Amino acid sequence: MQKVILASGSELRKNLFLGLSIPFEIQIADIDEKTIRDPDLKVQVAKIARAKAETVAAKHQGIIIAADTFVVCDGKALEKPQDLDEARAMLKLQQDRILFVYTALCYLDREKDIDFSEVSITKLKMRQLDDYEINAYVNNAPVTTWAGAFSTSGIYGANLVDYTEGSITGVEGLPMELLIPLLKKSGLKPIATTP
C-alpha cells in the first residue's frame, strides 16, 4: 500500500483525516503562501494548494493530499490573522454577514495517475456578535490558526454561525465529499466504506 501524506500542519485537517481510519503521515510544505497571488480568489486558493502538494511530492513518494482555505468577506480574502487584535477585527468585520469559504483540495497519486484539484465553496452567515462574545472567543480559541479567525468546530465555533450551505468539512479545511472518492480510486478504504 502506498504511503498517504497530508501536506498540512492544520489540526482541523489532521483530525478530519483521522476519522477516515487510514494510516497517514504529515509533511508540511515549506512554501511562502503570500507570494502566490491571483485576482481570482478561487484560482489563488487552488494555486496555493497545488504548490503545497507539488512541494511535498518533490521530496516524498506516495499519495499527496494538500489543501488551502480562505474566508471571503465582501470580495476580500481573509487568511489566518497575525495576532489576536487582527482576529478581533476579522470577527467584527464578518459578523452578521454572508461569507464564502473557499477550500482548495489538491490530490496527487502518481502511481494511479490521479492529479486532481478542485475548490469547494461553502456559503455561511455569521450571526451578530457583541464585543464580549468576540473577546471570549479570541481569548479561548486558537484563532490565529484559522482563516478568518474562526472555525465551526468545537464547543464555541458552531455557535458563531446562523446557517451554512455547502460543505461543512470544507469550512474546516478538508472537503471530504471530494477526498473520499479519490481515496477509493487509489484503492484505499476510508471508514465511510466499511460495513
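Up top you'll find the structure we're talking about.
Structural notes, computed from the coordinates. (Residues numbered from 1 in each chain as written. Predicted model: local features only at pLDDT ≥ 70, side-chain atom pairs only at ≥ 80, totals over all residues. Heavy atoms only, no water.)

1. Considering unusual backbone geometry
In this structure, S21 takes a positive phi of about 55° despite not being glycine. Looking at the secondary structure, you find S21 in the loop between α1 (11–18) and β2 (25–26). Under the relative-accessibility criterion, S21 is labelled exposed at 51%. Even without glycine at this site, D74 takes up a positive phi of about 55°. Residue placement: D74 occurs in the loop between β3 (63–73) and β4 (76–78). (Helix = DSSP H or I, 4+ residues; strand = E, 2+ residues; numbered from the N terminus. Buried < 20%, exposed > 50% of the residue type's maximum accessible area, 1.4 Å probe, protein only.)

2. Section: the side chain of T69
Counting through the fold element by element, T69 comes out in strand β3. A polar side-chain atom of T69 sits 3.1 Å from a polar atom in the side chain of R13. A polar side-chain atom of T69 sits 3.0 Å from a polar atom in the side chain of T103. When neighbours within four sequence positions are excluded, T69 is seen to be in contact with R13, V45, V101, Y102, T103, A147, G170 and G173. (Polar contact = N/O pair within 3.5 Å; in protein donor to acceptor, adjacent residues only side chain to side chain. Contact = heavy atoms within 4.5 Å.)

3. Notes on a nonpolar patch on the surface
On the surface, a nonpolar cluster with roughly 300 Å² of combined accessible area is contributed by I98, F100, I121 and Y163. The partly exposed category is assigned to I98, whose relative accessible area is 34%. (Patch = residues over 30% accessible without salt bridge, like charges linked within 9 Å, V, L, I, M, F, W, Y side chains within 5 Å. Areas by Shrake-Rupley, 256 points an atom, 1.4 Å probe, with all protein chains shown as cover. Salt bridge = Lys/Arg side-chain N within 4 Å of Asp/Glu carboxyl O.)

4. Brief notes about the nonpolar core
Counting 24 residues, the largest nonpolar core has L91, Y137, V143 and F150 as the members making the most contacts within it. Where this core is concerned, the elements lending two or more residues are β3, α3 (84–94), β5 (98–109), β6 (114–126) and α4 (131–140). Contacts of Y137, omitting those with residues within four sequence positions, involve L91, V143, W146, A149, F150, S151, Y156, G157 and L160. I5, L41, V56 and I64 belong to the second-largest nonpolar core, a separate cluster that totals 21 residues. (Core = buried A, V, L, I, M, F, W, Y, C linked by side-chain atoms within 4.5 Å.)

5. Points about the packing of α3 against α4
Between α3 and α4, the shortest axis-to-axis distance is 10 Å and the interhelical angle comes to 135°. Considering the angle they form, α3 stands oblique to α4. Of the two possible hands of crossing, α3 and α4 adopt the one that is right-handed. Contacts between α3 and α4 involve L84, A87, R88, L91 and K92 from the former and D131, I134, N135, Y137, V138 and N139 from the latter. A per-class count over the contact of α3 with α4 returns 6 nonpolar, 2 polar and 3 charged. (Axes fitted to C-alpha atoms, helices over the stretch in contact; angles between N-to-C directions. Parallel < 35°, antiparallel > 145°, perpendicular 65-115°, else oblique. Left-handed = near helix turned anticlockwise from the far one by under 90°. Nonpolar A, V, L, I, M, F, W, Y, C, P; charged D, E, K, R; others polar.)

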